[in-house]
Amino acid sequence: MTRKPEEYIGAGIVLAVLIIANMAGCDVALAKENMLTHTADIPSELVLQTIAMEASNQNLDGQAWVARVIQTRAKRRGISEESVVLTPKQFSCWNDYKLANAWLVVNYSHKVRQMALNAYKMAITMTVKPTHYHTIKVKPYWSKGKKPLAVIGSHVFYDNIK
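**Q** Please set out the sheet that holds strand β3 (residues 155-158) residue by residue, giving values where relevant.
**A** One open sheet holds the three strands; their spatial order is β1-β3-β2, and the pairing between them is antiparallel. Because the sheet does not close on itself, it has two edges, and the strands there are β1 (132-135) and β2 (150-152). Across this sheet, the average inter-strand angle for adjacent strands is 25°, counted without regard to direction. Examined bridge by bridge, β1 and β3 share four bridges and lie antiparallel to one another. Within the sheet, the bridge partner assigned to H132 lies in β3 and is Y158.

**Q** Please give an account of the pairing of β3 that cites residues and values.
**A** Here β3 shows no split at all, with H155 and F157 on one side and V156 and Y158 on the other all buried. Judged from the three bridges that link them, β2 and β3 form a sheet pairing that is antiparallel. Within β3, the residue paired with A150 across the bridge is F157.

**Q** Describe the nonpolar core, naming the residues involved and giving the relevant values.
**A** I51, I70, V85, F91, W94 and F157 are the most contacted members of the largest nonpolar core, which has 34 residues in total. Elements with a contribution of two residues or more to this core: α4 (45-55), α5 (60-77), α6 (81-86), α7 (97-107), α8 (110-124) and β2. Dropping the residues within four chain positions of it, V85 is found in contact with L46, V47, T50, I70, F91 and W94.

**Q** Mind laying out the packing of α4 against α5, listing which residues take part and the relevant values?
**A** Where α4 meets α5, the closest approach of the two axes is 9 Å, and the angle between their N-to-C directions is 130°. Comparing their axes, α5 and α4 come out oblique. The chirality of how α4 crosses α5 is right-handed. Counting all contacts with α4, which are made through V47, T50, I51, E54 and A55, the residues of α5 involved are G62, Q63, V66, A67 and I70. Taken together, the residues of the contact of α4 with α5 sort by class into six nonpolar, three polar and one charged.

Reading the values: rules and limits
The numbering scheme is per chain: residues are counted from 1 as the chain's sequence reads. Reporting of local features is limited, given that this is a predicted model, to residues whose pLDDT is at least 70; pairs of side-chain atoms are given and counted only at 80 or more, and all residues count toward the totals for whole chains, interfaces and linings. The side-chain numbers reported here are obtained from all heavy atoms of the structure, hydrogens and water having been left aside. In this analysis, strands are considered paired if DSSP registers two or more bridges between them. Here a strand is any run of E in DSSP of at least two residues, a helix any run of H or I of at least four, and the numbering for each starts at the N terminus. Each axis is a line fitted through C-alpha atoms, taken for helices only over the stretch in contact, and angles between the N-to-C directions span 0 to 180 degrees. Only protein chains enter the calculation, and the probe is 1.4 Å; a residue is then buried if its accessible area is under 20% of its type maximum, exposed if over 50%, and partly exposed in between. In this text, buried Ala, Val, Leu, Ile, Met, Phe, Trp, Tyr and Cys residues form a nonpolar core when linked through side-chain atoms within 4.5 Å. By the convention used here, residues are in contact when the closest approach between their heavy atoms is within 4.5 Å. Any angle that is under 35 degrees is reported as roughly parallel, and any over 145 degrees as roughly antiparallel; angles of 65 to 115 degrees are reported as roughly perpendicular and all others as oblique. Each crossing is labelled by how the near helix is turned from the far one, with a counterclockwise turn of less than a right angle marking it left-handed and a clockwise turn marking it right-handed. Each residue gets one label: Ala, Val, Leu, Ile, Met, Phe, Trp, Tyr, Cys and Pro are nonpolar, Asp, Glu, Lys and Arg are charged, and the others, such as Gly, are polar.

The following block contains the structure:
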C-alpha cells in the first residue's frame, strides 16, 4: 500500500514542498507525484531539496558527495532515500522545518534544483560509499579517531562510521 505524502511527513510540509517546487519552476502535479517516490535516476523533491540545503554553497562535486551519502545510507539500511533524509538529527537542514522552509522559499530556484539533480545523477556513478559527513567547522563526537575518506569543499566525508 502506498502512503500519501501527507500521511508520511504532514500536510504542512507537503504544502511547503509543493509551493517551493512551483516557485522553482517545477510542475506541481509532477512534484506531488515525485515527492516521496523516485526512479533510478530521478530523486524525489525531498531528496533534491536536502542536497540543495546541505550543499548548495558547494560545487557540483561537493553536492554529488552529499547525494552519495543519501544513496549509500538508503541502500545499506534497505530504506528509501526519503526516510534517510527525514530521519531526525541526520541532516541538519531538516532539524527545524521553519528554517528549512524559509531557506527553500528564498533560495530553491530552478537553477539550484537543477544543480542538485545533476549532483544526484553524478553520485549514481560514484564508486565511493560515504555514509557520514560534517562541515570543516565542527568535530562531531562520532568522527573522533576516524580517518576521513575525503574533504570536498567545506565538508569532511567518512565511510568508516558504524
